[in-house]
Amino acid sequence: MIRIQPQDFDPGAELAAFSSGKTSVGGICLFIGLVRDYMGHDPEAGSEVRAMTLEHYPGMTERQLEAIEAEAHRRWPLEDTLVIHRHGRLEPGERIVLVAASSAHRDAAFEACRFLIDWLKTKAPFWKIEHTQDGDAWVDAKDSDDAAAARWDK
Amino acid sequence: MIRIQPQDFDPGAELAAFSSGKTSVGGICLFIGLVRDYMGHDPEAGSEVRAMTLEHYPGMTERQLEAIEAEAHRRWPLEDTLVIHRHGRLEPGERIVLVAASSAHRDAAFEACRFLIDWLKTKAPFWKIEHTQDGDAWVDAKDSDDAAAARWDK
Amino acid sequence: MKVLYFAWLKAKTGVGEETVTAPPGIDTVGRLIEHLKTLSPGHAAAFETLSVVRVAVNQDYGGLDTPVKAGDEVAFFPPVTGG
Amino acid sequence: MKVLYFAWLKAKTGVGEETVTAPPGIDTVGRLIEHLKTLSPGHAAAFETLSVVRVAVNQDYGGLDTPVKAGDEVAFFPPVTGG
């Protein structure tokens, strides 16, 4: 399932609904991405991020995420998948994204969950602008994200 | 943190407590293992599992899990880790284990989470006995678990 | 056709969405970009460095050679940074 | 020393925990096993196939050559199957 929304979500409630009553599921892997309070990779070097705003492309976002989800089901024997992604203004510590995959086997759950977030990061049309004391700055795409997604090319 | 207990846990409450108020955390990876209702890898071939009982070695379990957790922190830049493992009688669909890792970066969170469950599966002294209509049977260790753990040897 | 701009391409062009009636012969993304660059200095600036511009035609990723025609939805944006 | 058995080793020996006063010269896990096998037919059966028996001395994994001495806690069990 795909959900794009400005409001926060309750990971516990999502997880409970995701795993309930499936006696063929052996494992659930879940990833939550959060807003950090500094720019870039180095907390010492990066300016303090006071908030960020996530813009997206309504319509294409759903279309791309559904394609990513379908690809995960094609590659692994999954019971279920879930992607929730927020947009709008977010402050440090807030949840941005949740991805989850369940399967009879833990390797499939782990692999699919990581695949979902890796592909989402390079294919889903979201853009972050960070608000710092020095002004607003669009976040640059990271080579490490391209490399992470490229792991799954085949 | 390590917890060994017979009672169930609330993954939502655990997750909320695990992630609360850390603005330096970029990602949380969480895995939950559940009791399946069939023996082995093939739902068609495996006898129906009505319940299982998990025996453990009190004292050594905590000691080994603490060592596994310390090793994860040595290998990756983690904010926090959590391992909860139940023992006693469990029915299909019930939660057995939760492992979680949080980090500034998602790769570290994913890798550490998978490392924790892989090592736990081959080093933590738990043994499963499955209760089926044909009687009780101790679960054999899986070569695939040894292979999964061996990935982390270095 | 409908042309959309996101993130800093929206800031540079000054528009989020515009209806463009392309002259005859505008049948690929590359040719459409050449036309769009003539619309305003902001448009020209937005398309100055094409290596950092991504395009989607009818909500699927495309490239400079992707065909476009009247009625299409064409979106321009920087590399994505969600998740 | 204190000797513990888990899972099917407990079922075969018929005991979960026993205090063993080993004869002189029992200074390794391997020699301890030879002694334990003499305690009962169940003990002998439990140690019949050593390839499926794991050992921990004072709660750390060991092998046949691991030293043991009076006061140690020695545990025997099958390969683990938790998680």
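*Asks:* Outline the relation of the copies chain B and chain A, supporting the account with residue identities and numerical values.
*Replies:* Relative to chain A, chain B is turned by 180 degrees and slid 0.0 Å along the rotation axis, the superposed coordinates differing by an RMSD of 0.0 Å. Accordingly, the operation relating the two chain copies is best matched by a two-fold axis. Within chain B, the C-alpha atom positioned nearest to the axis of rotation is that of B:G12, 1.5 Å from it. When the interface residues of chain B are mapped onto chain A, 100% of them again lie at the interface, so the same face is used by both copies.

*Asks:* Summarise the interface of chain B and chain A; cite the residues concerned and give the values.
*Replies:* Tallying the contact residues gives 39 residues for chain B and 39 residues for chain A. Carbon and sulfur atoms make up 54% of the area that chain B and chain A hide from each other, which totals about 3200 Å². Among the residues of chain B in contact with chain A, B:R106, B:F110 and B:R114 are the three that bury the most area, contributing 22% of the side total. The tally of links from chain B across to chain A stands at eight salt bridges. A salt bridge links A:R106 to B:D118, with the nearest nitrogen and oxygen atoms 2.9 Å apart. At the boundary of chain B with chain A, the tally comes to 19 residue pairs in polar contact (both at pLDDT 80 or more). At the level of elements, helix 1 (11-19), strand 2 (27-34), helix 3 (106-123) and helix 4 (143-150) of chain B are the ones that each hand at least two residues to the side of chain B that touches chain A. Looking at the side of chain B that touches chain A element by element, the count peaks at nine residues for helix 3 of chain B. Looking at the side of chain B that touches chain A, its residues break down into 17 nonpolar, 10 polar and 12 charged. Pairing geometry for strand 2 (residues 27-34) of chain A and strand 2 of chain B, over seven bridges, is antiparallel. Among the inter-strand pairings, A:L30 is bridged to a residue of strand 2 of chain B, identified as B:L30.

*Asks:* So what's going on with the layout of surface pockets? Which residues, and what values?
*Replies:* Considering only enclosed or pocket space, the largest pocket measures out at about 840 Å³ in volume. Lining the largest pocket are 41 residues, with A:K121, A:K128, A:V139, A:K142 and A:D145 positioned closest to its centre. Within the residue set of the lining of the largest pocket, elements represented by two or more residues are strand 2, strand 6 (95-103), helix 3 (106-123), strand 7 (126-132), strand 8 (135-138) and helix 4 (143-150) of chain A together with helix 3 of chain B. The element that contributes the greatest number of residues to the lining of the largest pocket is helix 4 of chain A, accounting for five residues.

*Asks:* For the nonpolar core, give the residues involved together with the corresponding values.
*Replies:* Counting residues in hydrophobic clusters, the biggest one holds 64 residues, and the most contacted among them are A:L65, A:V99 and B:V99. When neighbours within four sequence positions are excluded, A:L65 is seen to be in contact with A:I2, A:I4, A:V83, A:L120, A:A124 and A:F126. One finds A:A100, B:F18, B:L34 and B:A100 within the second-largest nonpolar core, a separate group that totals 24 residues.

*Asks:* Describe unusual backbone geometry, naming the residues involved and giving the relevant values.
*Replies:* Glycine aside, the phi torsion of most residues is negative, and most peptide linkages are trans. Residue and element names in this part refer to chain C. Residues other than glycine seldom take positive phi values, yet A7 does so here, at roughly 55 degrees. Here N58, not a glycine, exhibits a phi torsion of approximately 55 degrees, which is positive. Note on placement: N58 falls in the loop between strand 3 (54-57) and strand 4 (60-62). The exposure class assigned to N58 is partly exposed, which follows from its relative accessible area of 36%.

*Asks:* So what about the sheet that holds strand 5 (residues 88-90) of chain A? Which residues, and what values?
*Replies:* Residues and elements named next belong to chain A. One open sheet accounts for four strands, arranged 5-3-7-8; its pairing is antiparallel. In the strand order of this sheet, the two ends are held by strand 5 and strand 8, each with one partner. Neighbour-to-neighbour, the strand axes of this sheet turn through a mean angle of 25 degrees, independent of strand direction. For strand 3 (residues 49-56) and strand 5, the ladder comprises three bridges, and the chain directions are antiparallel. Its bridge partner being in strand 5, M52 is matched across the sheet by L90.

*Asks:* Can you lay out the sheet that holds strand 2 of chain A for me, pointing to particular residues and giving the numbers?
*Replies:* Reading across the sheet, the eight strands line up as 1(A)-4(A)-6(A)-2(A)-2(B)-6(B)-4(B)-1(B) and stay open at both edges, with mixed pairing between neighbours. Each having just a single partner strand, strand 1 (2-5) of chain A together with strand 1 (2-5) of chain B make up the two edges of the open sheet. Adjacent strand axes in the sheet meet at a mean angle of 10 degrees, parallel and antiparallel pairs treated alike. Pairing of strand 2 of chain A with strand 6 of chain A involves eight bridges; the strand directions are antiparallel. Considered in strand 6 of chain A, the bridge of A:C29 is made with A:A101.

*Asks:* Got a sec to walk through the packing of aromatic side chains? Specific residues and values, please.
*Replies:* Summed over the entire model, instances satisfying the criterion amount to 28 aromatic pairs over all chains. Taking 6.2 Å as the distance between ring centres and 25 degrees as the angle between the ring planes, the aromatic pair formed by D:Y5 and D:F76 counts as stacked. Here D:Y5 is found in strand 1 (residues 2-5), whereas its partner D:F76 is found in strand 5 (residues 73-77), with 71 residues between them in sequence. The exposure class assigned to D:Y5 is buried, which follows from its relative accessible area of 1%. The class of D:F76 is buried, set by a relative accessible area of 0%. Clustering of aromatic rings is evident, with ring pairs tying together A:Y57, A:W127, C:F6, C:Y61 and C:F77.

*Asks:* I'd like a description of the interface of chain B and chain D, backed by residues and values.
*Replies:* One frequently used descriptor of interface size is the decrease in accessible area upon assembly of the parts. Facing 26 residues of chain B, the contacting portion of chain D comprises 19 residues. Contact between chain B and chain D buries roughly 1800 Å² in total, counting both sides, with carbon and sulfur atoms accounting for 58%. On inspection of chain B and its partner chain D, the count reaches two salt bridges. B:E55 is paired through a salt bridge with D:K10; the nearest N and O atoms lie 3.3 Å apart. Linking chain B with chain D are 14 residue pairs in polar contact (both at pLDDT 80 or more), by the criterion used here. At the level of elements, strand 3 (49-56), helix 2 (60-75), strand 6 (95-103), helix 3 and strand 7 (126-132) of chain B are the ones that each hand at least two residues to the side of chain B that touches chain D.

*Asks:* A description of the side chain of C:T81 should follow, citing residues and the corresponding values.
*Replies:* Within the secondary structure, C:T81 is located in the segment after strand 5 (73-77). Among the polar contacts listed, one links the side chain of C:T81 to the backbone nitrogen of A:K128, at a separation of 2.9 Å. Apart from residues lying up to four places away in sequence, C:T81 is in contact with A:F126, A:W127, A:K128, A:V139, A:D140 and A:A141.

What counts as what
- Residues numbered from 1 in each chain as written.
- Chains lettered and ligands numbered in written order.
- Predicted model: local features only at pLDDT ≥ 70, side-chain atom pairs only at ≥ 80, totals over all residues.
- Heavy atoms only, no water.
- Least-squares fit on C-alpha atoms with pLDDT ≥ 70 in both.
- Contact = heavy atoms within 4.5 Å.
- Buried area = accessible area lost by both parts, 1.4 Å probe.
- Salt bridge = Lys/Arg side-chain N within 4 Å of Asp/Glu carboxyl O.
- Polar contact = N/O pair within 3.5 Å; in protein donor to acceptor, adjacent residues only side chain to side chain.
- Helix = DSSP H or I, 4+ residues; strand = E, 2+ residues; numbered from the N terminus.
- Nonpolar A, V, L, I, M, F, W, Y, C, P; charged D, E, K, R; others polar.
- Pairing = 2+ DSSP bridges.
- 1 Å grid on protein atoms, 1.4 Å probe; cavity = no way out; pocket = protein on both sides within 12 Å on 5 of 7 lines; lining within 4 Å.
- Points joined across faces, edges and corners; volume = space filled by probe spheres on them.
- Core = buried A, V, L, I, M, F, W, Y, C linked by side-chain atoms within 4.5 Å.
- Buried < 20%, exposed > 50% of the residue type's maximum accessible area, 1.4 Å probe, protein only.
- Axes fitted to C-alpha atoms, helices over the stretch in contact; angles between N-to-C directions.
- Phe/Tyr/Trp six-rings, centres within 6.5 Å; stacked < 30°, edge-to-face > 60°.

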